[in-house]
Structures are given as structure tokens and as C-alpha cells.
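These are the residues of each chain, in order.
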Amino acid sequence: WEALMGAGVAGIFIYCIAALVLMNYLIWQAPRYYKHLTYRLATKFLFVRFRTGCAWWSIVLLVKGLLVSVTAVLFTDGVSQFMWINIIFTIYVPLAASVLT
């Protein structure tokens, strides 16, 4: 498995990190390009779920999903995994309650 370590790291970078960066860039550029129909059609998945001005919340959801997904990779024992998930949701739930209400 050590021979595939480079491919695994590259895949994680491209699939997880680069996707988050791309979506963050698209949301950041939305005020400038939203008047163009092609931009709206291409990025509709980022904006349709949220009210105006809260499209950045999709980035929060993606980061939360990434942090929850890497729990088993970062920690091997159950107590550490449980604490990690608790920390993530202790930050996420109050943030969601304050933003989404």
C-alpha cells in the first residue's frame, strides 16, 4: 500500500481540497457573474438550496462532511473518534441555528 501513497494523497487533494477551493471561488465570484445565464445554470447547485446571501453555507456543509468523513482516517480508537465528531457538531449545530433561522 505504500507504493500507492502518492496516488492516494494526490487523489484526496484533487477530489476533496480542489473541489472545495473551486466551489469557494464560484461562490465568491457570484455577485460579478450572476447576471450571465450560463454562470447561473452552471452554478445553480450551489445557490438553489439557500436564500439569497447564504450561498456560502454550502461551503460549510462540504467542510463539515469532509471533517466527518476523515474521522476514521485520523483516529483509530472509538473514544477519539467520538470526541472528534462531538467537536465538529458542537461547532456546527450552534452555527447552523444562528445562520439558518
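Note that the structure is a prediction, hence the values are computed from the model and not measured.

Our next topic: the overall build of the chain. Along the backbone of the chain there are seven helices and zero strands. Mapped in sequence order, the helices and strands of the chain form the string α-α-α-α-α-α-α. Its C-alpha radius of gyration of 17 Å places the chain more than 25% over the 13 Å reference for a compact globule of 101 residues. When burial is assessed residue by residue, the chain has 20% of its 101 residues classed as buried. For the chain, restricting intrachain contacts to residue pairs at least 6 apart in sequence, the fraction spanning at least 24 positions comes to 44%. Carbon and sulfur atoms make up 73% of the accessible area of the chain, which amounts to about 7,500 Å² in all.

A cluster of nonpolar side chains, namely Phe13, Ile14, Ile17 and Val21, defines an oily patch on the protein surface of about 390 Å² accessible area. By the element assignment, Ile17 lies in helix H1 (residues 5-28).

What counts as what
Residues numbered from 1 in each chain as written. Predicted model: local features only at pLDDT ≥ 70, side-chain atom pairs only at ≥ 80, totals over all residues. Heavy atoms only, no water. Helix = DSSP H or I, 4+ residues; strand = E, 2+ residues; numbered from the N terminus. Rg over C-alpha atoms; globule rule 2.2 N^0.38 Å. Buried < 20%, exposed > 50% of the residue type's maximum accessible area, 1.4 Å probe, protein only. Contact = heavy atoms within 4.5 Å. Areas by Shrake-Rupley, 256 points an atom, 1.4 Å probe, with all protein chains shown as cover. Patch = residues over 30% accessible without salt bridge, like charges linked within 9 Å, V, L, I, M, F, W, Y side chains within 5 Å. Salt bridge = Lys/Arg side-chain N within 4 Å of Asp/Glu carboxyl O.

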